[in-house]
Amino acid sequence: QLELVESGGGLVQAGGSLRLSCAASGDTFASHAMGWFRRAPGKEREFVAVIIRSGATLVGDSLKGRFTISRDNTKNTVYLQMNSLKPEDTAVYYCAGTLTGNVLVPDQYLYWGQGTQVTVSS
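The following refers to the structure shown. Sequence order as written defines the numbering, with residues in each chain counted from 1. pLDDT decides what is reported in this predicted model: residues at 70 or higher carry local features, side-chain atom pairs at 80 or more are listed and counted, and totals for whole chains, interfaces and linings draw on all residues regardless. The basis for the side-chain values is all heavy atoms of the structure; hydrogens and waters are excluded.

1. Notes on the state of the cysteines
At step 1: The definition used for a disulfide is geometric: two cysteine sulfur atoms within 2.5 Å. Inspection of the entire model under this criterion finds one disulfide.
At step 2: The partner cysteine of Cys22 in its disulfide is Cys95, sulfur to sulfur 1.9 Å. Looking down the S-S bond of the Cys22 and Cys95 bridge, the torsion is 45 degrees, so its handedness is right-handed. Highlighted residues: Cys22 in strand β3 (residues 18-25) and Cys95 in strand β9 (residues 91-98), separated in sequence by 73 residues.
At step 3: Using a 1.4 Å probe on the protein chains alone, a residue whose accessible area is under 20% of its type maximum counts as buried, one over 50% counts as exposed, and one in between counts as partly exposed. In this structure Cys22 comes out as buried when scored by relative accessible area, which is 0%.
At step 4: Note on Cys95: relative accessible area 0%, which makes it buried. Per the convention used, a helix needs a DSSP run of H or I reaching at least four residues, while a strand needs a run of E reaching at least two, with both numbered from the N terminus.

2. A look at the pattern of salt bridges
At step 1: The term salt bridge refers to a side-chain nitrogen of Lys or Arg lying within 4 Å of a carboxyl oxygen of Asp or Glu. Overall, the coordinates contain five salt bridges when judged by the stated rule.
At step 2: Its salt-bridge partner being Glu46, residue Arg38 comes within 2.8 Å of it at the nearest N-O pair.
At step 3: The exposure class of Glu46 is partly exposed, given its relative accessible area of 31%.
At step 4: The partner of Lys64 in a salt bridge is Asp61, with the nearest N and O atoms 3.2 Å apart.

3. Section: the side chain of Arg38
At step 1: As for its position among the elements, Arg38 is in strand β4 (residues 33-39).
At step 2: Residue class for Arg38 comes out buried when judged on its relative accessible area of 7%.
At step 3: We call two N or O atoms a polar contact when they sit within 3.5 Å, provided that within protein one can donate a hydrogen and the other can accept it, with sequence-adjacent residues counted only if both atoms are side-chain atoms. Looking at Arg38, its side chain comes within polar contact range of the side chain of Asp89, at 2.9 Å.
At step 4: Those residues in contact with Arg38 that sit more than four places away from it in its chain are Glu44, Arg45, Glu46, Val48, Leu63, Phe67, Glu88, Asp89, Ala91, Val92 and Tyr93. Contacts are assigned to residue pairs that have any heavy atoms within 4.5 Å of one another.

4. Description of the packing of aromatic side chains
At step 1: Two rings from Phe, Tyr or Trp (for Trp, the six-membered ring) form a pair when their centres are within 6.5 Å of each other. A pair whose planes differ by under 30 degrees is stacked, one over 60 is edge-to-face, and the rest are tilted. In the structure shown here, the tally under the stated rule is five aromatic pairs.
At step 2: Centre to centre, the rings of Phe37 and Tyr109 are 5.1 Å apart; their planes meet at 80 degrees, and the pair counts as edge-to-face. Note that Phe37 is positioned in strand β4 and Tyr109 in the loop between β9 and β10 (111-112), a separation of 72 residues in sequence.
At step 3: Three or more aromatic residues joined by ring pairs make a cluster, and in this case those are Phe37, Phe47, Tyr94, Tyr109 and Trp112.
At step 4: One cation-aromatic arrangement involves Arg45 over Trp112; the distance from NZ or CZ to the ring centre is 4.6 Å.
At step 5: Two conditions define a charge located above a ring, namely a distance within 6 Å from the ring centre to NZ of Lys or CZ of Arg, and an angle within 35 degrees of the ring normal. The ring of Phe29 has Arg71 lying over it, and the distance from NZ or CZ to the ring centre is 4.6 Å.

Take a look at the structure:
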């Protein structure tokens, strides 16, 4: 079982950067695939990125080149580095963990953080 706490959100100007962190409790963090999702006002939850146990990563097509996901299993933490931010990146960002299933699908994730707000001003 994981408990997830995101941090690092805030207000940033377009073109700026933020690094989100997601700290996990529990001793099974390294076994989980860890994903980031986001939800903008009035929109569906959207896949952002995932990093699986092996360290392989996948970033959403529209975010490639700007967003990077990484993890530090010694710190039970997953990160999302966001560069060249745009106003359309404004959303609540959630981290999530899963042991199995399609890592691109939110419903496959068992554990979720409370979310952190990212606001990008133009």
